[in-house]
Amino acid sequence: DVFLLAAARFLIGSSSGPTTLSYVFGVPIAMTNNLPTAATYLSQQDLFLPRLMRRIDDQRFLNLEELMTKPYNMGAWDTIFTNVLGVDTIPNTSEEIAELVNEMLDKLDANLYYTEEEEALQQKFKSLTAEREVMIGLPEFEIQCRLGRSFLCKYQHLLG
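Conventions we followed
Per chain, the residues get numbers from 1 upward, laid out in the order the sequence is written. It should be noted that, the model being predicted, local features are given only for residues of pLDDT at least 70 and side-chain atom pairs only at 80 or more, the latter also being counted only at that level, while totals for whole chains, interfaces and linings use all residues. Only hydrogens and water are set aside when side-chain values are computed; all heavy atoms of the structure are taken into account. Elements are defined by DSSP. Helices are runs of H or I of four residues or more, strands are runs of E of two residues or more, and each kind is numbered from the N terminus. We compute the radius of gyration over the C-alpha atoms and compare it with the globule rule, which gives 2.2 Å times the number of residues raised to the power 0.38. Only protein chains enter the area calculation, which uses a 1.4 Å probe; residues under 20% of their type maximum are buried, those over 50% are exposed, and those in between are partly exposed. Pairs of residues are marked as contacts when any of their non-hydrogen atoms sit within 4.5 Å. Using a 1.4 Å probe, the Shrake-Rupley method yields the accessible areas, and only the shown protein chains count as cover for residues. Lys and Arg are tallied as positive, Asp and Glu as negative. Neither His nor the chain termini are counted. Working definition for charges: the position is that of NZ of Lys, CZ of Arg, CG of Asp or CD of Glu. Two strands pair under a simple rule: DSSP has to find at least two bridges between them. Salt-bridge detection follows one rule: a side-chain nitrogen of Lys or Arg within 4 Å of a carboxyl oxygen of Asp or Glu. Residues are said to line a cavity or pocket when one of their atoms sits within 4 Å of a point; the points come from a 1 Å grid over protein atoms alone, cavities being sets where a 1.4 Å probe fits but cannot get out and pockets being open sets with protein on both sides within 12 Å along at least five of seven lines. Grid points are joined across faces, edges and corners, and a volume is the space filled by probe spheres set on the points. Residue polarity follows a fixed list, in which Ala, Val, Leu, Ile, Met, Phe, Trp, Tyr, Cys and Pro are nonpolar, Asp, Glu, Lys and Arg are charged, and the others, Gly among them, are polar. Orienting the strands away from the viewer, one traces the path from the first strand over the helix to the second; a clockwise path indicates a right-handed crossover.

A. Spatial organisation of the overall build of the protein. Looking only at helices and strands, the protein features 7 helices and 6 strands. Reading the helices (α) and strands (β) of the protein from amino to carboxyl end gives α-β-α-β-β-β-α-α-β-α-α-β-α. Taken against the 2.2 N^0.38 rule, which gives 15 Å for 160 residues, the C-alpha radius of gyration of the protein at 15 Å falls within 12% of a compact globule. In terms of overall dimensions, the protein has C-alpha extents of about 45 × 40 × 35 Å along its principal axes. The 160 residues of the protein split such that 43% are buried. Here the analysis covers contacts within the protein between residues at least 6 apart in sequence; of these, 56% occur between residues at least 24 apart. When the accessible surface of the protein is split by element, carbon and sulfur atoms take 56% of a total near 8,100 Å². Seen as two clouds, the 13 positive and the 22 negative side-chain charges of the protein have centres 2 Å apart.

B. Region of the structure containing the environment of Val-84. As for its placement among the helices and strands, Val-84 is situated in helix 4 (residues 78-84). For Val-84, a relative accessible area of 64% corresponds to the exposed category. Along the sequence, Val-84 and Leu-67 sit 17 residues apart, while their C-alpha atoms lie 14 Å from each other.

C. How the structure looks around the sheet that holds strand 1 (residues 11-13). Taken together, the 4 strands give an open sheet; going across it, the order is 1-2-3-6, and neighbouring strands pair in parallel fashion. Of all strands in the sheet, those bounded by a partner on one side alone are strand 1 and strand 6 (146-147).

D. Fine view of the pattern of salt bridges. Tallied over the entire structure, the rule returns 7 salt bridges. Across the pair Glu-66 and Arg-60 runs a salt bridge, and its minimum N-O distance is 3.1 Å. Since its relative accessible area comes to 33%, Arg-60 is described here as partly exposed. Beyond isolated ion pairs, a larger network of salt bridges with shared partners links Arg-55, Asp-57 and Asp-58.

E. Just empty space enclosed by the protein, in detail. Enumeration according to the criterion identifies 1 cavity of 30 Å³ or more in this entry. The volume enclosed by the largest cavity comes to roughly 30 Å³. Lining of the largest cavity is provided by Tyr-114, Glu-118, Leu-121, Gln-122, Arg-146, Arg-149, Leu-152 and Cys-153. Listing elements by their share of the lining of the largest cavity, those giving two or more residues are helix 6 (116-131) and helix 7 (149-154). Looking at the lining of the largest cavity residue by residue, the class counts come to 4 nonpolar, 1 polar and 3 charged.

F. Structural detail: the pairing of strand 2 (residues 29-34). With 6 of 6 residues buried, strand 2 is to be regarded as a mostly interior element. In this structure, strand 1 lies alongside strand 2, joined through 3 bridges in parallel fashion. Opposite Ile-12, over in strand 2, you have Ala-30 as the bridge partner. Following the backbone out of strand 1, through helix 2 (residues 17-24) and into the adjacent parallel strand 2, one traces a crossover that is right-handed. With 3 bridges joining them, strand 2 and strand 3 (residues 47-50) adopt parallel strand pairing. Across the sheet, Met-31 pairs through a bridge with Phe-48, a residue of strand 3.

See the structure below:
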């Protein structure tokens, strides 16, 4: 298992142990269903998708800044989110995951270009989350990885 994680072109995974091993070996990561978001330690070569969150009481989706910061970024199990934080987590769809994988393949093949609008959305996301200290203990530190392009464009209304 360790050999596969170290020798892979990239890893499609979630925020679990195998992802950490790929990170240590410098293997690019396409992380899906990222929870807890406080552990978004990925590097500039990596891409990720968080789970969306919806409040149970009024069905309002949390914006991306909210779900990436305290207290929502600390939850690790669905029961914490539902019973303590009062939100449902929504897993990434198969389409969202496929789009992330295609983006990573284009990135690895040097066929990936972002528009000015996509870069602006990415920077807005990174700036908002840096202001709220997503990376605990590192105030004003921007997440190094990129939020998946299609996901960010689709949910740009959740940038706040």
